[in-house]
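Survey of secondary and tertiary structure
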Amino acid sequence: MKIIKDKVAKLSFVALLVTMTAAIFYTPAASAHGEKSQAAFMRMRTIHWFDLNWSKDEVAINDTMTISGKFHVFAGWPETVDKPEVSFLNIGIPGPVFIRAGSWIGGQLVPRSVSLELGETYEFKVLLKARRPGDWHVHTMMNVEGGGPIIGPGKWVTITGSMGEFVNPITTLTGDTIDLETYALDSIYFWSFFWYAIGLAWLLFWVKRPLFVPRHIAVSSGKADTLISAGDKKVGVAFAIGTLVIVAAAMGSTNEKYPVTTPLQAGLLRGIKPIQMPESTVTVKVEDASYRVPGRAMQMTLTITNNGDSAVRLGEFNTASVRFLDADVLEDETGYPDDLLAEEGLTVSDNSPLAPGETRTVNVTASDAAWEVYRLADLIYDPDSRFAGLLFFFDEDGGRQMVMVDAPLIPTFI
Ligand SMILES: [Cu+2]
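Positions within a chain are numbered from 1, following the residues in the order the chain's sequence is written. Local features in this predicted model are restricted to residues whose pLDDT is 70 or higher, and side-chain atom pairs enter the listing and the counts only when it is 80 or higher, whereas totals over whole chains, interfaces and linings include all residues. Where side-chain values are given, they derive from all heavy atoms of the structure, hydrogens and water being excluded.

It is worth spelling out the sheet that holds strand β6 (residues 108–109) at this point. Spatial ordering of the open sheet is given by β1-β3-β7-β5-β6, a layout of five strands whose pairing is antiparallel. At either margin of the open sheet sits one strand with a lone partner, and together these are β1 (47–54) and β6. By the convention used here, strands pair only if DSSP detects at least 2 bridges between them. Numbering of helices and strands starts at the N terminus; helices are DSSP runs of H or I of at least 4 residues and strands are runs of E of at least 2. Pairing analysis gives seven bridges linking strand β5 (residues 98–105) to strand β7 (residues 121–130), with the strands arranged antiparallel. Pairing of G102 across the sheet is with L127, part of β7.

Take the side chain of D332 next. Here D332 is to be found in the loop between β15 (322–325) and β16 (341–342). Looking at D332, the relative accessible area reads 16%, which means it is buried. The term polar contact refers here to a pair of N or O atoms within 3.5 Å; inside protein, the definition further demands a hydrogen-donor-capable atom paired with an acceptor-capable atom, and it admits residues adjacent in sequence only when both atoms are side-chain atoms. Only 2.7 Å separates the side chain of D332 from the side chain of T334, close enough to count as a polar contact. At a separation of 3.3 Å, a polar atom in the side chain of D332 contacts the main-chain amide nitrogen of G335. It only takes one pair of heavy atoms within 4.5 Å for two residues to be counted as in contact. With near-sequence residues (within four places) excluded, D332 lies in contact with R323, L325 and L341. Exposure is judged per residue with a 1.4 Å probe applied to protein chains only, and the accessible area is read against the type maximum: over 50% gives exposed, under 20% gives buried, and values in between give partly exposed.

Pairing is possible between side chains of opposite charge, provided their charged atoms come close. Whenever Lys or Arg places a side-chain nitrogen within 4 Å of a carboxyl oxygen from Asp or Glu, that contact is recorded as a salt bridge. Evaluated as defined, the whole model comprises twelve salt bridges. Between R323 and D332 there is a salt bridge, with the nearest N and O atoms lying 2.8 Å from each other. There is no split in this pair, since R323 and D332 are both buried. Note that R386 is salt-bridged to D384, the shortest N-O span being 3.0 Å. When its relative accessible area of 29% is taken as the criterion, R386 is described as partly exposed.

Another point: the nonpolar core. Here the nonpolar core consists of buried residues drawn from Ala, Val, Leu, Ile, Met, Phe, Trp, Tyr and Cys, with membership extended through side-chain atoms lying within 4.5 Å. Core analysis: the largest hydrophobic core is formed by 85 residues, its most contacted members being F71, F98, M298, F317 and F387. With six residues, the single largest contributor to this core is strand β19 (residues 386–395). Those residues within four positions of F71 in sequence are excluded, and the remaining contacts are I47, H48, W49, F50, I105, L116, E120, T121, Y122, F124 and M142.

Set out below in structure tokens:
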């Protein structure tokens, strides 16, 4: 009986070890990184990213790639998110697996926070330089002060090579070329360990002799003065003066070695130039919009009027980075992330060309797994059941018009 018990105990212990080891080595592959868990109505009603282009999806260490595109700052910005008066164009990656060699909005370099205006559309570009090998899900994103991160679509990009080869050369205004990856590291190590050693030496000087009980007794019996000898005092003074001398001398020699230094450059960049999207000649009225719970689709009834001089068809509905396309009208050629691209996700009850001057009411269904995967269906949990998105119309010559739609989105239950 005892033997069986022992065996059971041993086996359970082995099982426990195996479980723990498995748990340690289990690293689930995440395919989205934060945005799914954010409130659906916020993702639909803040920043609309479109016309995105990733110049590569495989890049060697030290090579660069660009992510460019446009974003529209939705005029019906939610109350709970501060207006984007102080925003920062960021990139969503797990640490500096790339470095950001440059980022621009409206052609202006934006290393600092910028002011964005509600209702405007901006053009952006981010230049990334590969640093760490692996498969990385790279997002464009905007940080809004008082609002949080507004995450754009992410695309998988593979970096090949070895991180040891990464260099980040910069030529300073004093004419030196340095590698930012390692610059000044020696000094940081030297001074950190130097002062740490001096602190240890001071401790060591006192720790040599009995520390607590004999000293406590001496102090409580009124003989505290006997604990610090004249020699101890001299050592104390030597440490104090030595520290001051080293600080002053090191400061002097550093100023000599780097005679030209400037303060950190900071401050909000205002006056960022928006782009003028061509005035749309198509007007759209959302008569009603709904989504089934549970379900993978949303429906809209749209009254579309074509005031232009060329017939148009609806090619795309874009909300929260999910692109629903009518395959008959538009085909994506930008390599848009698969999980966000519904190539045949848009169904229009009558998508024949809408002639100039004509008005038509159509039923539009935007349907794809992405609606559920990216938890837009979770709008049912949100305190503001309204959506917003971009509609793209195309005329016969391929000319494109963008129309913003925004309306309540009413759930229907089975
Ligand atoms: Cu991601």
